[in-house]
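Here's the letter readout for the chains.
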Amino acid sequence: MSYSAEEIKKLNAELKQKSPVEIAQWAVDNAANAVVTTNFRPYEAAILYAATQAKKDIPVIWCDTGYNTPNTYRHAEEVIDLLALNVDLYVPKQTSAHRDVVLGIPQIDDPKHKVFTEQVKLEPFKRAMAAHKPDVWFTNLRKGQTAHRDNLDILSLGADGILKVSPFYYYSDEQLDTYLEEHKLPNEHKYFDPTKVLENRECGLHA
């Protein structure tokens, strides 16, 4: 996929009238190699459902930091089984037990926090993208999550040339609750991201 800024603007206006599955289907139909990433945080079942409705065996890249809650791991197994996900798991090169001894989880104002984020989130993600080489990347970015994300849209082009597709960009939590209920999809709110600390802080993958 290769679109100009003007073309993306026009497509966003058209796609805003479509359902999430219709948006996902459009993206899959126009992609050479689409992937969806997940961390099984709250509401992830929605994007995984939409993506797999468009392409049943779409690669699902799960970058597991190793610091998820037991609830998240149980939720992940439930969703993987329910949607028959084609999961490709990526984990940090160092175990969390080893890192806890030599580094721990630094606070966001600690210079070591950048190293920590690179180890547990960015490096596995870069490794996954290098292996899959997608031209389309499904994400669950939504307006209102962070200041940076407020400047995006359903379609946004990354600096790497990959087209990010966020079918639920304009959905509120309440609308997503309804969507999950309508499609009989589970949700789990006991989630921990060791790299963010603050809920409205950008995780590093989308900035």
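Residues numbered from 1 in each chain as written. Predicted model: local features only at pLDDT ≥ 70, side-chain atom pairs only at ≥ 80, totals over all residues. Heavy atoms only, no water.

Draft legend 1. The arrangement of the packing of aromatic side chains in detail. Overall, the coordinates contain ten aromatic pairs when judged by the stated rule. Ring geometry for Phe-125 against Trp-137: centres 5.0 Å apart, planes inclined by 45°, an arrangement best described as tilted. Of this pair, Phe-125 sits in helix 6 (residues 112-132) while Trp-137 sits in strand 4 (residues 136-138); the two residues are twelve residues apart in sequence, bridging distant segments of the chain. As far as the burial class goes, Phe-125 and Trp-137 line up, both buried. Here the aromatic cluster, defined as three or more aromatic residues joined through ring pairs, consists of Tyr-49, Phe-168, Tyr-171 and Tyr-179. Cation over ring: Lys-16 sits above Tyr-170, and NZ or CZ is 4.3 Å from the ring centre. The ring of Tyr-43 carries the charged tip of Arg-142 above its face, separated from the ring centre by 5.4 Å. (Phe/Tyr/Trp six-rings, centres within 6.5 Å; stacked < 30°, edge-to-face > 60°. Helix = DSSP H or I, 4+ residues; strand = E, 2+ residues; numbered from the N terminus. Buried < 20%, exposed > 50% of the residue type's maximum accessible area, 1.4 Å probe, protein only. Lys NZ or Arg CZ within 6 Å of the ring centre and 35° of its normal.)

Draft legend 2. Spatial organisation of the nonpolar core. Core analysis: the largest hydrophobic core is formed by 42 residues, its most contacted members being Val-36, Phe-40, Leu-48, Leu-85, Phe-138, Leu-155 and Val-165. Phe-138 has contacts with Ala-24, Ala-27, Val-28, Ala-34, Val-35, Val-36, Thr-37, Ile-47, Ala-51, Ile-58, Val-165 and Pro-167, leaving out every residue within four places of it along the chain. By size, the runner-up hydrophobic cluster in this structure holds nine residues, among which are Val-35, Cys-63, Phe-125 and Met-129. (Core = buried A, V, L, I, M, F, W, Y, C linked by side-chain atoms within 4.5 Å. Contact = heavy atoms within 4.5 Å.)

Honestly, it's all geometry; don't read function into it.
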